[in-house]
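# Structure assessment
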Amino acid sequence: MQGIALEATIQSQRKKEIVEYCNSLEQFIDKESVALLENEEHWKEIISSIEGTVISSEKVKQRLAKHDSKLSGVKEVIVKKSAFTGNAKDIDPDFRIMREYEVTDQSSSEGKVKDFLDYFTDKYNFLHGLFSKRAGFAPKAFDRLKGVKQYEEVDIIGMVMKKWVSKNGNLTIELDSPEGRFIAIVSKEDNALNRDAGKVLLDDVIGIKGKKFSDEVLIVKMILWPDLIQRQPKTGERDVSVMLISDIHVGSRLFMEKEFTNFLSWLNGNASSEKELKRIGKIKYMVIAGDNVDGVGVYPDQINELSIKDIYGQYEKLGELIREIPEHIEIFMCPGQHDAVRRADPQPAIPKEFIKNISDLGNVHMVGSPSWVEIEGFKSMIYHGASHHDMYMATKHLNSKEPQLAMIELLRRRDLSTGFGLTQPYVPEKRDFMLIREEPDFYFAGDMHHKGYAQYKGCMCVNAGTWQERTDYQIRMGHIPTPGIAIDINLKTRKLTENNFAGGSEENGD
Ligand SMILES: [Fe+2]
């Protein structure tokens, strides 16, 4: 009898939860529908998939039938765990999350004038310091230009305030420094220099080699960026790999659940060959570079594009999927603009408690965007990539099919931000967390839903694709994403391999 009473209590509790859930979505539900759903484990998902303000029993019945057939479809791709053992499973992890370089638990900005001053001062001082160490470049303070003769060569550093084309057709840049402002002129005759100057963005801190024209005006001969130093790419001692995925977009109608589930099965050792199984066995780390869920209210009318319409439901589903990743793989997950943290950069880590069903997992580490993790001695910078968009819009030579080129531009600036006032918002933190304070060995990113790889001065730039099908927005923009690809990079050989769950597999030499 006690059992029956308990079951009745659970059912009445479920009824209450169903009604409350509908209220929270501002939807009305009739008694018959509640009765149909009270014994359904996936009641939330079913309600979320019903559009309109009234949830009728007809709609519920339709969804239940659809859900059952969907479940029978999922059976084919259910994660199959095998007795697979790999090298990575038997060794201890070796990593350090470099919390000093991310905003998580360190945000102190109130958006006041003082915060902006501190932010720009920190940025200028750090980047100025990098220029000061450069051989063959001896910057003079702006107020010391008075002592220099006309047309004498001079080096100078400044932050870009304004950029325009003069009446004579010359590109003109106004720069600021603690000692005052000055004007730099790029002659329209110099094509190569104009190409370089075309990449200069507002708020960039640049070095200029030029000739003095007057006390406030300089003729530009060469533009320098803080940049990375030239060095050989590093190789690791252990034969292990790091995997990169991004932009899963759980909760979107376009989330490629079948392909993603196949990927999880594969990670658990269900490979097509011995060679592949061996390679999977080396995966010890995984970076997930943001847009983990599709979010709610990220853009107008998004609600119509969602299969799971509440953010908690989306993270619950994400958690279920993450739990299928073998526990010997250390996962570093950063947020993107679709996740449940502030949209402005730098973004703090998603609180792990938000994804309740993975809060007990010791191998899942939430990090900010940007963030840094030292993996087997490789300094790895992780950034979702929101500012890449502004790079495409602000510079003519870049495009969204080659995200790696935007990544190189940001490395040259030693700064992941692209200036205030463009599309991507920034919070002026007293310490600028967007600066690239060290020379990274890896720069992992996502956001563009398009893969891209490059090697730049010892740093491997790796941009992941997505697990979301092509969206209407992307169709309108003519952008073709590269979905269903998990990228692994062997740290000993630096070999990068694409594992394509939307078809095929491809190996790329470093
Ligand atoms: Fe995305």
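Owing to the predicted nature of the structure, the values given are computational and were not obtained by experimental measurement.

### Regarding the overall build of the protein
In terms of helices and strands, the protein carries 12 helices and 20 strands. Seen through its C-alpha atoms, the protein measures out along the principal axes to roughly 100 × 50 × 40 Å. A total of 510 residues make up the protein; the buried ones form 52% of that total. For the protein, the proportion of contacts with a sequence separation of at least 24, taken over those separated by at least 6, is 69%. Where the 69 positive side-chain charges of the protein centre and where its 79 negative ones centre are 5 Å apart.

### A few points about the coordination of the iron ion
Each angle at a metal carrying four tetrahedral donors should ideally be 109.5 degrees, and each at a metal carrying six octahedral donors should ideally be 90 or 180 degrees. Coordination of the iron ion by the protein comes from Asp 247 (OD), His 249 (NE2), Asp 291 (OD) and His 449 (NE2), over a distance range of 2.0 to 2.3 Å. Around the iron ion, the four donor atoms sit at angles spanning 88 to 175 degrees, and that spread fits a shape best called irregular. Donor residues for the iron ion, ordered by position in the chain, follow D-x1-H-x41-D-x157-H. Of the two residues, Asp 247 is situated in the loop between strand 9 (241-245) and helix 7 (257-267) and Asp 291 in the loop between strand 10 (283-289) and helix 9 (311-322); the sequence distance between them amounts to 44 residues. Neither Asp 247 nor Asp 291 differs from the other in exposure class; each is buried.

### Details of the sheet that holds strand 16 (residues 452-456)
Strand pairing in a sheet relies on backbone hydrogen bonds. The paired strands run either parallel or antiparallel. Read from one edge of the open sheet, six strands run 3-13-14-15-17-16, paired in mixed fashion. Since the sheet does not close on itself, it has two edges, and those belong to strand 3 (95-97) and strand 16, each with one partner. Adjacent strand axes in the sheet meet at a mean angle of 20 degrees when their direction is disregarded. Bridging between strand 15 (residues 442-445) and strand 17 (residues 459-463) involves four bridges; their strand directions are parallel. Each bridged residue has a counterpart across the sheet, and for Phe 444 the counterpart in strand 17 is Val 462. On the sheet, helix 10 (residues 386-394) packs against strand 14 (378-383), strand 15 and strand 17 and is oriented at approximately 75 degrees with respect to strand 14. Seen against the sheet, helix 11 (residues 403-413) touches strand 14, strand 15, strand 16 and strand 17 and runs at an angle of roughly 35 degrees to strand 16.

### Thoughts on the sheet that holds strand 6 (residues 180-186)
Strand order in the closed barrel made by the five strands is 4-5-6-8-7, with mixed pairing throughout. Taking the axes of each pair of neighbouring strands and ignoring which way they run, one obtains an average angle of 55 degrees across the sheet. One ladder, built from seven bridges, connects strand 7 (residues 205-214) with strand 8 (residues 217-224); its direction is antiparallel. What sits directly across from Lys 212, in strand 8, is Leu 218. On the sheet, helix 5 (residues 113-132) packs against strand 4 (153-165), strand 5 (171-177), strand 7 and strand 8 and is oriented at approximately 140 degrees with respect to strand 4.

### Some words on the packing of aromatic side chains
Within the structure shown, the criterion is met by 18 aromatic pairs. Ring centres 5.5 Å apart and planes at 65 degrees place the aromatic pair Phe 260 and Phe 263 in the edge-to-face group. Of this pair, Phe 260 and Phe 263 both sit in helix 7, three residues apart, roughly one helical turn. Phe 260 gets classed as buried once you look at its relative accessible area, which sits at 1%. Judged by centre distance (5.1 Å) and plane angle (85 degrees), the ring pair of Phe 260 and Trp 467 falls under edge-to-face. Taken together, the positions of Phe 260 in helix 7 and Trp 467 in the loop between strand 17 and helix 12 (472-477) put the pair 207 residues apart, joining distant regions of the chain. On the basis of relative accessible area, Trp 467 is assigned to the buried category, the value being 0%. Among the aromatic residues, those joined into a cluster by ring pairs are Phe 255, Phe 260, Phe 263, Trp 266, Trp 467 and Phe 501. Directly above the aromatic system of Trp 225 lies the positively charged group of Arg 412, at a separation of 4.6 Å from the ring centroid.

### Quick notes on helix 7
Most of helix 7 sits out of view: eight of its 11 residues are buried. Residues of helix 7 that are buried: Glu 259, Phe 260, Thr 261, Phe 263, Leu 264, Ser 265, Trp 266 and Leu 267. Packing partners of the buried residues in helix 7 comprise strand 9, helix 8 (274-280), strand 10, helix 9, strand 18 (485-490) and strand 19 (496-500). In the stretch just after helix 7, Gly 269 is the one whose phi turns positive, near 100 degrees.

### Comments concerning helix 11
Burial analysis of helix 11 places 10 of its 11 residues in the buried class, which makes it a mostly covered element. Along helix 11, the positions that sit buried rather than exposed are Pro 403, Gln 404, Ala 406, Met 407, Ile 408, Glu 409, Leu 410, Leu 411, Arg 412 and Arg 413. Once helix 11 finishes, Arg 414 follows within two positions and takes phi at roughly 55 degrees, a positive value.

### As for the packing of helix 10 against helix 11
Running from N to C, helix 10 and helix 11 point in directions that differ by 95 degrees, and their axes come no closer than 9 Å. Between helix 10 and helix 11, the crossing angle belongs to the class labelled roughly perpendicular. Across the interface between the two elements, Ser 387, His 388, Met 391 and Tyr 392 of helix 10 pack against Pro 403, Ala 406, Met 407, Glu 409, Leu 410 and Arg 413 of helix 11. Considering only residue class, the contact of helix 10 with helix 11 consists of six nonpolar, two polar and two charged.

### Considering the nonpolar core
In terms of nonpolar packing, the biggest core is built from 35 residues, with Phe 263, Leu 267 and Met 286 touching the most fellow members. Elements with a minimum of two residues in this core: strand 9, helix 7, strand 10, helix 9, strand 11 (330-334) and strand 12 (364-366).

Calculation criteria
Residues numbered from 1 in each chain as written. Predicted model: local features only at pLDDT ≥ 70, side-chain atom pairs only at ≥ 80, totals over all residues. Heavy atoms only, no water. Helix = DSSP H or I, 4+ residues; strand = E, 2+ residues; numbered from the N terminus. Buried < 20%, exposed > 50% of the residue type's maximum accessible area, 1.4 Å probe, protein only. Contact = heavy atoms within 4.5 Å. Lys, Arg positive; Asp, Glu negative; His and termini not counted. Charge placed at Lys NZ, Arg CZ, Asp CG, Glu CD. Donors = N, O, S within 2.8 Å, 3.2 Å for Na, K, Ca; no water. Tetrahedral: all angles 85-135°; square planar, octahedral: opposite > 155°, others 65-115°. Pairing = 2+ DSSP bridges. Axes fitted to C-alpha atoms, helices over the stretch in contact; angles between N-to-C directions. Phe/Tyr/Trp six-rings, centres within 6.5 Å; stacked < 30°, edge-to-face > 60°. Lys NZ or Arg CZ within 6 Å of the ring centre and 35° of its normal. Parallel < 35°, antiparallel > 145°, perpendicular 65-115°, else oblique. Nonpolar A, V, L, I, M, F, W, Y, C, P; charged D, E, K, R; others polar. Core = buried A, V, L, I, M, F, W, Y, C linked by side-chain atoms within 4.5 Å.

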